[in-house]
Amino acid sequence: VTGEAFTAVTDHAEDMVPYDWHESVKYAEAYDAPGSFVAFPAYEFTGSRQIYSGYRGDDSGFGHAHVIQREPGHERRHIYQSDTPTVQALLNAVDPDVTMPIPHHPADMQFPWDWTDYDETVAPVVELYQDYRGASEFPDDPRHIELPQTEDSRHYLQPVLDDGVRVGFTSSGDHYSISFAGVFVAERTRDAVFEALQERRCYATTGARMKLEFRADEKLMGSVVPTGGSQ
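What you see is a predicted model, and the numbers here were worked out from it, not measured in a lab.

**Here we look at the sheet that holds strand β5 (residues 99-104)**
(1) Moving on: On the basis of which strands lie adjacent, the open sheet formed by 3 strands has the order β3-β4-β5 and antiparallel pairing. Looking at the sheet topology across the chains shown, the edges are occupied by β3 (42-46) and β5. Adjacent strand axes in the sheet meet at a mean angle of 25 degrees when their direction is disregarded.
(2) Moving on: The pairing of strand β4 (residues 64-69) with β5 spans 6 bridges and is antiparallel. Bridging from a neighbouring strand, H64 pairs with H104 of β5.
(3) Moving on: Contacts from helix α4 (residues 190-198) reach β4 and β5 within the one sheet, and its direction differs from that of β5 by about 55 degrees.

Laid out in structure tokens, this is it:
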């Protein structure tokens, strides 16, 4: 309906029973059409503060993440599993060759992402924008839209980049919203899109349907380009 080339429907996993996950995978399989349209099995991971009202630890690790699966059949790691109560535990638990967590609205006031010990090899891309909450690039960004964002700059993406963390950016919808991520691929297949995200050959838009190809020294977006100097 929206003219997308690939998608992942990410229902909250803490609300899923095994039948729900089976149905989600079934529909992803039904609509996946290699060469034309890509549909990933996926879910939304939620940190445990929202679920375990009796939790009394520190407030780190309670972000949300879209989790996409390269192929159906891989185990989902959702909030009720004792080994993944926090986003850090999720990053430690998944196999990055088949499962990709994507931090979702990382600067949200209620569920800010904790970047401590972030593993960019497991989660190489981050949601920069969605048109329900706005941007997570820097505090006081004029693209904040509806729900409140945290005032703590540590949860935004610009300080993460300043610290040398290499991540690519995506954009996505939430609830009733639509904004888009673009990927640079040679073909429309799950493997191609997944690998493009792994290599950070992707970009976020605020809803514009733009096609972007960016290179530096003949290397595609997301590449590491040696400078030959100390800077």
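**Digging into the side chain of H104**
(1) Moving on: Mapped onto the fold, H104 is located in strand β5.
(2) Moving on: A distance of 2.9 Å separates polar atoms of two side chains, one belonging to H104 and the other to E127.
(3) Moving on: If we skip the residues at most four places from it in the chain, H104 touches E44, H64, A65, H66, E127, Q130, S172, G173 and D174.

**A short note on the pattern of salt bridges**
(1) Moving on: Under the definition given, this model contains 11 salt bridges.
(2) Moving on: Here R70 and E195 are joined by a salt bridge, their closest N and O atoms 2.6 Å apart. Residue R70 is located in the loop between β4 and α2 (87-93), and its partner E195 is located in helix α4; the two are separated by 125 residues in the primary sequence.
(3) Moving on: Residue R70 is classed as buried on the basis of its relative accessible area, which comes to 14%.
(4) Moving on: For R166, the salt bridge goes to E120, with nearest N and O atoms at 3.6 Å.

Procedures and definitions
All residue numbers refer to position in the chain's written sequence, counted from 1. Under the rules for a predicted model, residues below a pLDDT of 70 receive no local features and side-chain atom pairs below 80 are neither given nor counted, while totals for whole chains, interfaces and linings still include all residues. Heavy atoms from the whole structure form the basis of all side-chain values; hydrogens and water molecules are not counted. Two strands make a pair as long as DSSP finds a minimum of two bridges between them. The helix count covers DSSP runs of H or I at least four residues long, the strand count covers runs of E at least two residues long, and both are numbered beginning at the N terminus. Axes, fitted as lines to C-alpha atoms, cover a helix only where it is in contact. Angles between the N-to-C directions of the axes lie from 0 to 180 degrees. Any two residues whose heavy atoms approach within 4.5 Å are treated as being in contact. In the analysis that follows, any N or O atom pair within 3.5 Å is treated as a polar contact, provided that within protein one partner can donate a hydrogen and the other can accept it, and provided that, for residues neighboring in sequence, both atoms belong to side chains. The working definition used for a salt bridge is a side-chain nitrogen of Lys or Arg within 4 Å of a carboxyl oxygen of Asp or Glu. Type-normalised accessible area, obtained with a 1.4 Å probe on protein chains alone, sets the label of each residue: buried when under 20%, exposed when over 50%, and partly exposed for intermediate values.

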